[in-house]
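One letter stands for each residue in the lines below.
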Amino acid sequence: MPLDSKSPGGPIETRWDRHRFSLKLVNPANKRKHTIIVVGTGLAGGSAAATLAELGYQVKCFCFQDSPRRAHSIAAQGGINAAKNYHNDGDSVYRLFYDTVKGGDFRSRESNVYRLAQISLNIIDQCVAQGVPFAREYSGYLDNRSFGGAQVSRTFYARGQTGQQLLLGAYQALERQIGAGAVEMYPRTEMLDLIVVDGRARGIVTRNLLTGKVESHLADAVVLGTGGYGNVYYLSTNAKGSNATAIWRAHKRGALFANPCFTQIHPTCIPVSGDYQSKLTLMSESLRNDGRVWVPKKKGDARKPGEIPKEDRDYYLERRYPSFGNLVPRDVASRNAKMVCDEGRGVGETGLAVYLDFHDAIQRLGKPVIVERYGNLFDMYERITGEDPYQAPMRIFPAIHYTMGGLWVDYNLMSNLPGLYVIGEANFSDHGANRLGASALMQGLADGYFVLPNTINDYIASTKVEKMDAGHPAVKEAEQQVNCVTRRLLEAKGTRTVDSYHRELGKLMWEYCGMSRTATGLKHALEEIPAMREQFWRDVKVLGTGEELNQSLEKAGRVADFFELAELMCLDALERNESCGGHFREEYQTPDGEAARNDDRFSYVAAWEFRGVGNPPGLQQEPLAFEYVHPAQRSYK
């Protein structure tokens, strides 16, 4: 069946309002009769659970952390976008819409992106009302700073802790509903399967991470707000617990997976320092406001950065992109960093780093201003590296950060499985092939606070859901599947640790499906991954039992899913014979090294259907139409 995005027509400025008016409503008294499951408590899941409960629904909310406030959203640093135009610098809803479509290299739906830009205005008001301590100017007005991919200042921030402060706002709203009895909270609980009855999502199967008890939870609808899948690469900026199990198990139950090859490389991360590392640390993109990126002009220049005069420095982003300079989008900045390092001009012991230098900003603005803007980020860098960024430039290098792919959803944020909604980074919907900085927090809160609470009413009001209990055959089958996987992992009794397999897979993915890809490399990965997966199931060693806290068992299930997802990512990258955004195929580039899209053949969303492990997945295409922002060669020069 062709994919129906349910995107409304007519003037784009009024599409969301007209669509929202056309949706069916649920009487406040009737909402209490319906139960909704929300998986994940980050900005998307936490705000959705709190808002749905505030509306009157009975909500069951799940997270694998010991507290909802430990969701990975807390790690976001730089800010959240909104088209308030407080600086009177030419910003508008339309400009945010334009920048986002262009920044995503014309691989996103116009209707979704314009709605996101509209709702951005409401998000800031909502968060201020919750007490989020955004930075303010001396006058008391909210302050803004610039981020990559834009020539205006539209990013609201709370020093380098924006994600933490926004999450605490959503967490407070969620805790209020827990206290009121409207939300039943299940911490330390992991979703391991989706229950589908008559083609509809009706519940989930979970494992209590403390006791190992497997349980089923039933509802009228299921919402997944479980984040992205960047940890498939092993080394990433994600928390170690971040994983793809919830969306992948839903995919294996019939939900389409869209654009899996669209992964984002963040240009400002602390470089890898050794094989012992298990994750990487992000340094906020906001640092590129005042920091200047450079490398020595000469290959092999071993002088200390302070000894290299400006005439011997290559401020390569400012040189190549004079209009945007150091604030080019993330994919452009990352590829250029790789390019100068490949030329042998990288810095540091490994040669895989570039400088991010604040000397000029400190001279111009004074150290107190830099401390006020970025102090906690500078402190974090010094604690990790032992180097003082006030005295010497930071060393940075690109790393896996965000995933634009995810489960396919329509305009209402519902997957192709009726009753299964997917929000935030877990879906594919708003960013195309590259996410602009400070837009992840914007999408998560837009979906949770404003979009989902409107669209889910239509499904509840339009659907007659039959009552069912834990004895239903679909529930028993899902529980049996979960227990079967657990038993198989524990009975393997192999010789290698889970982490050793994960590290091997991550290295393969970074090498062949990372910052740049080739057909030859992707084909090699597609030959290697199935063999690695088979060896994993045959020779993995999982200690302990399933009836206790067992982090080795938790990781084993997640890595098993990463093996299957990695294969789909490589296949999607191989099928997309073009370069766009974060997907850079070396065979498809302009003479000066920029991404070369093929709009005639690949202006579509690639939505993949699961057809069994080892079987080729089915590809469905959702064509993308551009009425307002017409595709053109993306230029930041």
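Residues numbered from 1 in each chain as written. Predicted model: local features only at pLDDT ≥ 70, side-chain atom pairs only at ≥ 80, totals over all residues. Heavy atoms only, no water.

Draft legend 1. Molecular detail of the nonpolar core. The biggest cluster of nonpolar side chains holds 143 residues, and the ones touching the most others in it are I80, L224, L420 and F536. Counting residues per element, this core draws most heavily on helix α16 (residues 551–575), at 13 residues. Discounting chain neighbours no more than four positions away, the residues touching L224 are V39, M191, A246, I247, A250, L407, L420, Y421, V422, I423 and A426. Core analysis: the second largest hydrophobic core is formed by 30 residues, L287, V332, C341 and I396 among them. (Core = buried A, V, L, I, M, F, W, Y, C linked by side-chain atoms within 4.5 Å. Buried < 20%, exposed > 50% of the residue type's maximum accessible area, 1.4 Å probe, protein only. Helix = DSSP H or I, 4+ residues; strand = E, 2+ residues; numbered from the N terminus. Contact = heavy atoms within 4.5 Å.)

Draft legend 2. Just the layout of surface pockets, in detail. There is about 890 Å³ of room inside the second largest pocket. In this structure, the second largest pocket is lined by 31 residues; those nearest its centre are L235, V272, K507, W510 and E511. Only α9 (330–342), β15 (394–403) and α14 (498–513) provide two or more residues apiece to the lining of the second largest pocket. The leading source of residues in the lining of the second largest pocket is α14, at 6 residues. (1 Å grid on protein atoms, 1.4 Å probe; cavity = no way out; pocket = protein on both sides within 12 Å on 5 of 7 lines; lining within 4 Å. Points joined across faces, edges and corners; volume = space filled by probe spheres on them.)

Draft legend 3. Representation of empty space enclosed by the protein within the structure. Enumeration over the complete set of coordinates arrives at 5 cavities of 30 Å³ or more. Taken as a whole, the largest cavity holds about 160 Å³ of empty space. In terms of lining residues, the largest cavity is bounded by 14 residues, among which L192, T486, L553, E554 and G557 are the most central. Elements supplying a minimum of two residues to the lining of the largest cavity: β6 (189–197), α7 (245–252), α13 (473–491) and α16. Here the residues of the lining of the largest cavity sort into 6 nonpolar, 3 polar and 5 charged. (Nonpolar A, V, L, I, M, F, W, Y, C, P; charged D, E, K, R; others polar.)

Draft legend 4. Region of the structure containing unusual backbone geometry. Of note, N85 is a non-glycine position whose phi angle comes to about 60 degrees, a positive value. Mapped onto the elements, N85 comes out in the loop between β3 (80–81) and α4 (93–103). Residue F106 is not a glycine yet carries a positive backbone phi of 60 degrees. With respect to the helices, strands and loops of the structure, F106 is situated in the loop between α4 and α5 (110–130).

Draft legend 5. Geometry of the domain arrangement of the protein. What the domain assignment reports for the protein is domain 1 (266–400) and domain 2 (473–615). Relative placement of domain 1 and domain 2: their C-alpha centres are 31 Å apart. Domain 1 puts 10 residues into the contact, and the matching count from domain 2 is 10 residues. When domain 1 packs against domain 2, close to 850 Å² is buried across both sides, 55% of that on carbon and sulfur atoms. When the area that domain 1 buries against domain 2 is broken down by residue, the three leading residues are R320, R335 and K338, summing to 51%. Counting across the domain 1 and domain 2 interface gives 1 salt bridge. Between R320 and E594 there is a salt bridge, with its nearest N and O atoms 3.5 Å apart. Elements supplying a minimum of two residues to the side of domain 1 that touches domain 2: α9 and β15. Among the elements that line the side of domain 1 that touches domain 2, the one with the most residues is α9, at 4 residues. (Domains from an automatic or database assignment. Buried area = accessible area lost by both parts, 1.4 Å probe. Salt bridge = Lys/Arg side-chain N within 4 Å of Asp/Glu carboxyl O.)

Draft legend 6. Spatial organisation of the pattern of salt bridges. Overall, the coordinates contain 46 salt bridges when judged by the stated rule. With a shortest N-O distance of 3.1 Å, E564 and K252 are connected by a salt bridge. Here E564, found in helix α16, pairs with K252, found in helix α7; they are 312 residues apart in sequence, far enough to count as distant. With a relative accessible area of 11%, E564 lands in the buried category. On the basis of relative accessibility, which here comes to 31%, the residue K252 falls in the partly exposed class.

Draft legend 7. Looking closely at the side chain of E578. Mapped onto the elements of the fold, E578 is located in the loop between α16 and α17 (599–602). We classify E578 as buried; its relative accessible area is 0%. One polar contact links E578 to R107, side chain to side chain, over a distance of 2.9 Å. In this view, E578 contacts R107, H583, R585, Y588, A596, R597, N598 and F602; residues no more than four positions away in its chain are not counted. (Polar contact = N/O pair within 3.5 Å; in protein donor to acceptor, adjacent residues only side chain to side chain.)

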